[in-house]
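# Overview (structure and organization)
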Amino acid sequence: MLVDFNTLPEESRVWIYQANRSFTDEEVSEIEEKLNVFLENWTAHGSDLNAGYLIKYKRFIIIGLNQNLNKATGCSIDASVRFIQELEQDYKVDLMDKMNVSYKQGEYVAYKSLTDFKQMAKDKAVSKNTIVFNNLVANIADFNENWEVPASESWHSRFLK
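Residues numbered from 1 in each chain as written. Predicted model: local features only at pLDDT ≥ 70, side-chain atom pairs only at ≥ 80, totals over all residues. Heavy atoms only, no water.

## Quick look at the sheet that holds strand β1 (residues 13-18)
Inclusion rule: Any two strands are treated as partners once DSSP identifies two or more bridges connecting them. Helix numbering and strand numbering both begin at the N terminus, where a helix is a DSSP run of H or I of at least 4 residues and a strand a DSSP run of E of at least 2. The angle between two axes is taken between their N-to-C directions and runs from 0 to 180 degrees, where each axis is a line fitted to C-alpha atoms and a helix contributes only its stretch in contact. For this analysis, residues touch if any pair of their heavy atoms sits within 4.5 Å.
If you trace the 3 strands from one edge of the open sheet to the other, you get β1-β5-β4, paired in antiparallel fashion. Every other strand in the sheet has two partners, leaving β1 and β4 (51-56) as the edge strands with one partner each. On average, each strand axis in the sheet is tilted by 15° relative to the strand beside it, whichever way the strands run. Across 6 bridges, β1 lies against strand β5 (residues 60-65) in antiparallel orientation. Across the sheet, R13 pairs through a bridge with L65, a residue of β5. Lying on the sheet, helix α2 (residues 74-91) is in contact with β1 and β5; it crosses β1 at an angle near 20°.

## Notes on the pattern of salt bridges
Test applied: By salt bridge we mean one thing: a side-chain nitrogen of Lys or Arg within 4 Å of a carboxyl oxygen of Asp or Glu.
Applying the stated criterion across every chain, the model contains 4 salt bridges. Residue K58 is joined to D25 by a salt bridge in which the shortest nitrogen-to-oxygen separation is 2.4 Å. Of this pair, K58 sits in the loop between β4 and β5 while D25 sits in helix α1 (residues 25-41), and the two are 33 residues apart along the sequence. The partner of D90 in a salt bridge is K34, and the shortest N-O contact between them spans 2.9 Å. Taken as a pair, D90 in helix α2 and K34 in helix α1 lie far apart in primary sequence, 56 residues in all.

## A short note on a positive patch on the surface
Condition: Patch criteria: residues need more than 30% relative accessible area and no salt bridge. Like-charged residues are merged within 9 Å; nonpolar side chains of Val, Leu, Ile, Met, Phe, Trp and Tyr are merged within 5 Å. Note on areas: Shrake-Rupley with a 1.4 Å probe; residue coverage comes only from the protein chains shown. His is not counted, nor are the chain ends, whereas Lys and Arg count as positive and Asp and Glu as negative. Note that the charge is assigned to NZ on lysines, CZ on arginines, CG on aspartates and CD on glutamates.
On the surface, a cluster of positive charge is contributed by K118, K122, K124, R158 and K161. By secondary structure assignment, the location of K124 is in the loop between α3 (114-122) and β8 (131-133).

## Brief notes about α2
Since there are 3.6 residues in each turn of an α-helix, residues three or four apart along the chain are aligned in direction. Stated formally: What a helix should span is 1.5 Å times the count of its residues minus one. Throughout, exposure labels follow a simple rule: accessible area from a 1.4 Å probe, protein chains only, divided by the maximum for the residue type, with under 20% read as buried, over 50% as exposed, and the rest as partly exposed. To obtain the arc, one takes the directions from the helix axis to the C-beta atoms.
Taking 1.5 Å per residue as the helical rise, α2 with its 18 residues ought to reach 26 Å, and the 26 Å between its terminal C-alpha atoms agrees with that figure. For α2, the complete set of buried residues consists of S76, S80, F83, I84, L87, E88 and Y91. The arc enclosing the buried residues of α2, seen along the axis, measures out at 145°, which places them on a common side. Away from the buried face of α2 by more than 90 degrees, exposed residues C75 and Q89 are located. Looking at the buried side of α2, the elements it contacts are β1, α1, β2 (43-44) and β5. Phi turns positive one or two residues past the end of α2, at K92, with a value near 50°.

## A few points about the packing of aromatic side chains
Cut-off, in case you're wondering: Each pair of aromatic rings taken from Phe, Tyr and Trp, with Trp reduced to its six-membered ring, is defined by centres within 6.5 Å and is described as stacked if the planes are under 30 degrees apart, edge-to-face if over 60, and tilted in the remaining cases. When the NZ atom of lysine or the CZ atom of arginine is within 6 Å of a ring's centre and also within 35 degrees of its normal, the charge is said to sit over that ring.
All chains considered together, the criterion is met by 14 aromatic pairs. Judged by centre distance (5.0 Å) and plane angle (85°), the ring pair of F60 and W147 falls under edge-to-face. With F60 in strand β5 and W147 in the loop between α4 (140-146) and β9 (148-150), this residue pair connects regions lying 87 residues apart in the sequence. The burial state of F60 is the same as that of W147; both residues are buried. Members of the aromatic cluster, joined through ring pairs, are F5, Y57, F60, F133, F143 and W147. The side chain of K56 reaches across the aromatic face of Y57, ending 5.8 Å from its centre.

In structure tokens form, the structure reads like this:
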């Protein structure tokens, strides 16, 4: 069952998929329509899942699931992964690669391989104050507090001296 992401409890589980490029306005509209249909019909062992989504910066797809009602199962998680993989194919975009880093350069969101980000840290092209996106957050409370943070407050800090 599709619900407004902002009404989900703070302990709701989140999955964050970052794109290797920005989506166009038209693509965002199409993806929102597809997310609406997918989440409206997303189930676990025949029971509706109470889920919502956000698309942030035309680059991140965030899916939240209220596990107080029904928990995601292996099959339902597999269905969501297949859905994301279909989006990857439809829009020729990478959403599943966790070995990349997104960070802010002013108002612009940049995307680099982890190797490039490490080199940028060595070269002092990014610093402990660089705003990074910590896509490893587990729930909405964590998302709200720790998703968009200075690199010094994220796992990215290990690359900064």
